[in-house]
Structure formats: C-alpha cells, structure tokens
Amino acid sequence: MQKTIIPFGPQHPVLPEPLHLKLTVEDEVITEVIPALGFIHRGLEMLANIRDFHQIIQVVERVCGICSMIHAMCYCQGIEEMMGIEVPLRAKFLRIIWSELNRIQSHLLWLGLFADSFGFESLFMQFWKIREKILDINEATTGNRVIVSVSVIGGVRRDLNSEQMRWILEGLSWVEDEIGRLETTLLSDYTVKKRTVGKGVLPKEKAYELGAVGPTARASGIAQDMRLLGYSALNQFDFEPVVETDGDCYARSRIRFREVLQSVNLIRQAKSIIPQGETRIKVQGRPEGETFSRVEQPRGELFYYIKANGTKTLDRLRIRTPTFANIPALITMLPGMWLSDVPVIVLSIDPCISCTER
Amino acid sequence: MFKMTPNVLKNLFSQKATRRYPRVVRSPFESARGALINDIGQCTFCSICALKCPSQCITVDKKAAIWRYDPFACVFCGICVDACTGKCLHQKRECRNPVGERETVLLQGELKQKNEKKP
C-alpha cells in the first residue's frame, strides 16, 4: 500500500501542550513515528546564570504548570544538600503533604483529559469537579491554587494547624467517595475498555531497555518508584509502589487511579506522625560544588543537576523531566496501531511538554 | 433502565456543581495571595523587596523616596511581603481587576530632611 505522512500536529484538541509527531501511515496502520520538540522552549535554565539562587525557586516552579511544587522541592533539596543544611523534620513532613496533594491534583487532571481523549466529556467534567476540591485546599493553606510557592531553601513558608489538617482530611474523604463512584465508569465500562485494552502495549524488557520511568514503567511490571529512596522523611512512611503487568493504556490509567488513593493514604499517615517544631531555618552563605537530586513527580523520575561556584548565581542547572525519558517508549508503542488510537496512546504516557522543553 | 433511572432522578433534584459566575462570586480564602499593596507612609525605602523579587518588578529610589512597581510582571509570590523590614507591604485576598492599559504603580513617600549642623 502507498505510504502517507500525516502530521499529528503541534495543535491538537487532545494535547495539553504542543508536540509534533510525523506519522507514516499505510492503510490506516501506523508504521513509523518521528517526533519533533521545541515549540515552547523558554530557556529557563539560562536564568539560573542570571538570577540569585534563592530567586530560582520561583523560576523552577514555573517549568511545569501542573507539577510545580515537586520541581521546587527537588531544587531546594539539591541546594540544601550542597550547603549542608538540615531542614527541620516538620518542614519535611509538610513538604510531603503538599507534594502528595499536588500528585492527586495532577492525576485527576490526567484522568479527565484521558476520558476526553476518547470523547467521554461528561466523565472529564466529573473528574475536574473533584479536582476543584484539591485546588481549594491548596488555596486555603498556601495562598494559590496550583503554583503554591511554599518551599524555600531551609524549610517551608507556611504552617498547618490541627484545624486545617482536620479540614484537609475531610476534603480528602469526600474526594475518595466521589472517586469510588466513578471507578466502575472508568475501569469497567465496555466502551472504555474497547478503546484502551491492548492499545499501546509496552513489554517489560522494552520498558527497561528504553529507560521508561513513572507510571509508564510501572504499568509494564517494573516496580520503580523514586519515593522509595526515602527523601524528605519518606522513609518513615509505609507504602508499596503501585504495579500492573499488562503494559497497555488500560493498565496505565488503572495505575494512576490507584495512585490517587495511595496519596490520600500517605497524607493520612503524615497527619498521624507529623512532629511539632519549627518550619524554617535561617540560611546564610552561598552554595559551592555539584549535586544530583531525584524525586518522584506524578509523571515519573525528576532529575536535577546543580553546579555552583560560590557566587550568588549558579553555574549550571540541568533538569531532566520524566516525559523526556518516556518519549522513546512512546515511539515504540505506536507502530502497529490504528490512526484513531494515536490520541489515546500519546495521552497515556501523560506528556508534559512544557516540562520537557523548559 | 434500573441503573439509569436512579442516576437521572438524583441529577434532577440535586444541587448544581457550577455557580453563575460573574453574578455569583466565591469570596477568596483568608490566606489567598492577591494584589500587592504598599503602605508608603511606613516604608523605609531599604529596597530589600527589590533585591529579593524573583521577577524584578520593584524598583526603589531611596534619595527621591520613590517606590515603583510593575503589577504586570509581578507573579504574586509574596516573597517581598515576607522580607519587608518596615512591615508596610501586604497582599489583599482579592486579585487585581482587569484593566485596559498597562500601567506602573509609582508611590511617592516623604523626603527625609537633612539634620542641620550645630555651629
């Protein structure tokens, strides 16, 4: 059959951010994919050479519009390790609480977008209605809905009293109930299964070879979760990485659904073991040396390389985001699939292109 | 039919999930970070806010006692509020209203009088 090249263009109704894929199609079956990135490159890493290293927290938060708290936490952890600062234990627990709230919010956003990708708009609206509760919790406790700006080098800027904690847990119980009502619609509906089961299969050996991270790897059976490294007091929590074995789009959506419930459980654990104490210590001096920092973003493993030379500005800041590591996996998932499955498969790796291109 | 009917009845008689914005507006939470206000009478023009601002939207002229602020570059992070030594900067709960033209906020404080030398 004759080959046609169809651009899955930068502008597409299903994509949250611009990504260009050149699909070589033979009779509606895809045979080859060539990606092209670079539509929203903003050059944020260059700002690290111009601004003070305290001001970079605000810059780094805006690399991603959905998972911003976790970027700030990774950066602060790297600088604190370089300068040898010991953050108070209460601040570590508070960072966990806010980053798990961020994870719930990000997964709910993705679940809505995923439902929208195969045309199920009412389910999309239901998931985003539940997400509004988490955004209200963010606004009431930190001041802003998504870009919360609550991490600083040396701790956190705000505190949570017991009244606020109780209110947060009430809100999370409501979220759990509402999600439970939507579970059968998302995971057991005949039409949803027809669109997602068996699509975009990534075998376990391929996932390991290509370096897939996050839910994309965990859906293929690799039990890799950066939270097991135990950063920021996570070694005091009790949880297991959520793993599935099928490796298709259905497994990936099931994992993210279960991770919402896992994050609610983590916040409950945090409330029961959080110690009293101060939330912030004064920081003096300048960083010097180089360091690595890894945390678990909703999309996978986030990796920071920071190099400083003792002045106010950093020498080099390099950010490797999980979507960048998942794009080779995406390229191997697509051949053999039909053209109408492309939006579902592209969304199933949770692409955050603004993170990838910074 | 038995699965759909309870759903339909519940949706008919329950509260709406949306509000009729902009006629009905939810008031923001207490510690929400909104518009930035400077109480110029208390300002000491130490320019710490200008040094710490991540988006460099504040300029301070100590000699002329001028505090200049670009609300369109500001990201409303609140770092200037935390760092302010004269406790004159604070943030309202509500965000700024939309305007038709870009503007810069320029506040003039009292010029300090030099002390007269004793003969």
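For the structure, check the block above.
Residues numbered from 1 in each chain as written. Chains lettered and ligands numbered in written order. Predicted model: local features only at pLDDT ≥ 70, side-chain atom pairs only at ≥ 80, totals over all residues.

Student: Residue-level account of the overall build of chain A, with values.
Tutor: When helices and strands are tallied, chain A shows 12 helices and eight strands. The C-alpha atoms of chain A give a radius of gyration of 21 Å, which matches the 21 Å a tight globule of 358 residues would have. In terms of overall dimensions, chain A has a C-alpha envelope of 70 × 45 × 35 Å along the principal axes. Out of the 358 residues in chain A, the part that is buried amounts to 48%. (Helix = DSSP H or I, 4+ residues; strand = E, 2+ residues; numbered from the N terminus. Rg over C-alpha atoms; globule rule 2.2 N^0.38 Å. Buried ≥ 20, exposed ≤ 12 C-beta atoms within 10 Å, placed from the backbone.)

Student: Residue-level account of the sheet that holds strand 5 (residues 105-108) of chain B, with values.
Tutor: Residue and element names in this part refer to chain B. The strand order across the open sheet formed by three strands is 2-3-5, and the pairing between neighbours is antiparallel. Two strands in the sheet have a free side with no partner beyond their single neighbour: strand 2 (58-61) and strand 5. Sheet twist, expressed as the mean angle between neighbouring strand axes with direction ignored, is 10°. (Pairing = 2+ DSSP bridges. Axes fitted to C-alpha atoms, helices over the stretch in contact; angles between N-to-C directions.)

Student: Requested: an account of the packing of helix 4 (residues 121-142) of chain A against helix 5 (residues 162-187) of chain A, with residues and values cited.
Tutor: All names here are of chain A. Where helix 4 contacts helix 5, the two axes come as close as 11 Å, and the packing angle between them is 170°. On the basis of the axis angle, helix 4 is roughly antiparallel to helix 5. Residues Leu123, Gln126, Ile130, Lys133, Ile134, Ile137 and Thr141 of helix 4 pack against Gln164, Ile168, Gly171, Trp174, Val175, Glu178, Ile179, Leu182, Thr185 and Leu186 of helix 5. The residue inventory of the contact of helix 4 with helix 5, partitioned by class, reads 10 nonpolar, five polar and two charged. (Parallel < 35°, antiparallel > 145°, perpendicular 65-115°, else oblique. Contact = placed C-beta atoms within 7 Å. Nonpolar A, V, L, I, M, F, W, Y, C, P; charged D, E, K, R; others polar.)

Student: Describe the nonpolar core, naming the residues involved and giving the relevant values.
Tutor: One finds Ile56, Tyr75, Leu108 and Leu334 of chain A to be the most contacted residues of the largest nonpolar core, which totals 100 residues. The element contributing the most residues to this core is helix 3 (residues 89-117) of chain A, with 14 residues. Every residue in contact with Tyr75 of chain A, bar those within four places of it in the chain, is listed here: Ile56, Ile57, Val60 and Tyr304 of chain A. Core analysis: the second largest hydrophobic core is formed by 14 residues, Cys43, Ile58, Ile79 and Cys80 of chain B among them. (Core = buried A, V, L, I, M, F, W, Y, C linked by C-beta atoms within 7 Å.)

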